[in-house]
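Fold and contact review
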Amino acid sequence: MRRRLTAAALAACAAATAPALAATPAGAETAYPVGDLATSIGNFLFSPDAVAGANVWSCRPSAAHPHPVVIVHGTTSNLGSAGAMIAPTLANAGYCVYGFDYGETPSSLGHVYGLGEIAASARTMSAFVDRVLTATGAAKVDVIGASQGGMMPNYYIKRLGGAGKVRTMIGLSPTNHGTTMGGLVDLGRTLHVLGLVNDAYRFAGAPAYPEQEEGSDFQRALFADGDTVPGVRYLTIATSHDTTVTPLANSFLHGGDSTNILLQDLCPDDPVSHSGMTLDGPVMQIVLNAVGPRAPGFRPRCTGYGPNI
């Protein structure tokens, strides 16, 4: 996404972001502006830790929407960018919505998060969820995470006691079982240079990258006892245009109460790729159904596609 920054987009989304931070309880007649790619880019730079509709700490869950929703961004992203469409969409639908930045290292520079060790990031999530539950009085949260943000919460759920605090875990193109990065990881192992590359990532303050490689020690340990835990319902949405998580089936979880969706099985013409999943209309519809009515056989309207990035 950073490669696509333009001066026009930044100016446009700076204006769009400015009015978005007023605190209003759920159920009030506030319509938060729903962001798009320009908003996401602008938030990345100008509002990395805040987004329209999120972190209204006076919000109280309603009987219709009793579970707060926690948004978890991915690697090299932040709350403002990842939540540009998700947060206001959910808040406008009556949900209490929250999100946080995690994985800060000296390389973050106030904007680029999700770089640190994943276990430490999960501890950050644990403290944040506890804060949300205390503030709202809710028993559990629903979690929506993209890329690393769809994988890292599994460590919280499986290793840090999160299983009793998470009702639904929704992953958008998550790096659950790691990625080969189009075969580059396998090639590095074959040439015996992967260790050097991973050392370079760690030296640069980005240990989350090697931990998300297919077959990493972190990946093997995290899922050694299975993909899921009882009591949590899992939904994973992947796109056939993903070039970041390869093979794309590595996103999927198996066992327990888990559902895997390939987006193009529902909307064949949807061009959205990995980083665009948080900006995709059909994805937003599927998410709203998952945290809400869970209508059997739900199919989204195939409109409002996200970008192929």
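Our structure's up above, just so we're on the same page.
Below, the structure is looked at part by part. All of these numbers come straight from a predicted model, not from anything done at the bench. (Residues numbered from 1 in each chain as written. Predicted model: local features only at pLDDT ≥ 70, side-chain atom pairs only at ≥ 80, totals over all residues. Heavy atoms only, no water.)

Enumeration according to the criterion identifies six salt bridges in this entry. The partner of Asp225 in a salt bridge is Lys158, with the nearest N and O atoms 2.8 Å apart. Of this pair, Asp225 sits in the loop between helix H10 (217–222) and strand E5 (233–238) while Lys158 sits in helix H6 (residues 148–159), and the two are 67 residues apart along the sequence. The shortest N-O distance in the salt bridge between Arg159 and Asp225 comes to 3.0 Å. (Salt bridge = Lys/Arg side-chain N within 4 Å of Asp/Glu carboxyl O. Helix = DSSP H or I, 4+ residues; strand = E, 2+ residues; numbered from the N terminus.)

Turning our eyes to something else, we now look at the sheet that holds strand E4 (residues 166–172). Reading across from one edge, E2-E1-E3-E4-E5-E6 is the order of the six strands in this open sheet, with parallel pairing throughout. Edge positions in the sheet fall to strand E2 (97–100) and strand E6 (257–262), since each has one partner strand and no second. Between one strand axis and the next, the sheet turns through 15° on average, direction left out of account. Here helix H5 (residues 118–136) sits on the sheet and contacts strand E1 (69–72), E2 and strand E3 (141–146); the angle it forms with E2, its principal contact strand, is near 155°. (Pairing = 2+ DSSP bridges. Axes fitted to C-alpha atoms, helices over the stretch in contact; angles between N-to-C directions. Contact = heavy atoms within 4.5 Å.)

Okay, the state of the cysteines next. For the structure on display, the rule yields two disulfides. The disulfide partner of Cys59 is Cys96, and the gap between their sulfur atoms is 1.9 Å. One disulfide, between Cys59 and Cys96, carries an S-S torsion of -80° and so falls in the left-handed class. Here Cys59 is found in the loop between helix H2 (37–46) and E1, whereas its partner Cys96 is found in the loop between helix H4 (86–92) and E2, with 37 residues between them in sequence. Across the pair, Cys96 and Cys59 agree in class, each one buried. Between Cys267 and Cys302 runs a disulfide, and the two sulfur atoms are separated by 2.2 Å. Between Cys267 and Cys302, the S-S dihedral sits near -90°, and the bridge is therefore left-handed. Placement of Cys267 in the loop between helix H11 (263–266) and helix H12 (281–291) and of Cys302 in the segment after H12 is noted, with a sequence separation of 35 residues between them. On the basis of relative accessibility, which here comes to 0%, the residue Cys267 falls in the buried class. When the cysteines of the chain that form disulfides are numbered from the N-terminus onward, they connect as 1-2, 3-4. (Disulfide = S-S within 2.5 Å. Buried < 20%, exposed > 50% of the residue type's maximum accessible area, 1.4 Å probe, protein only.)

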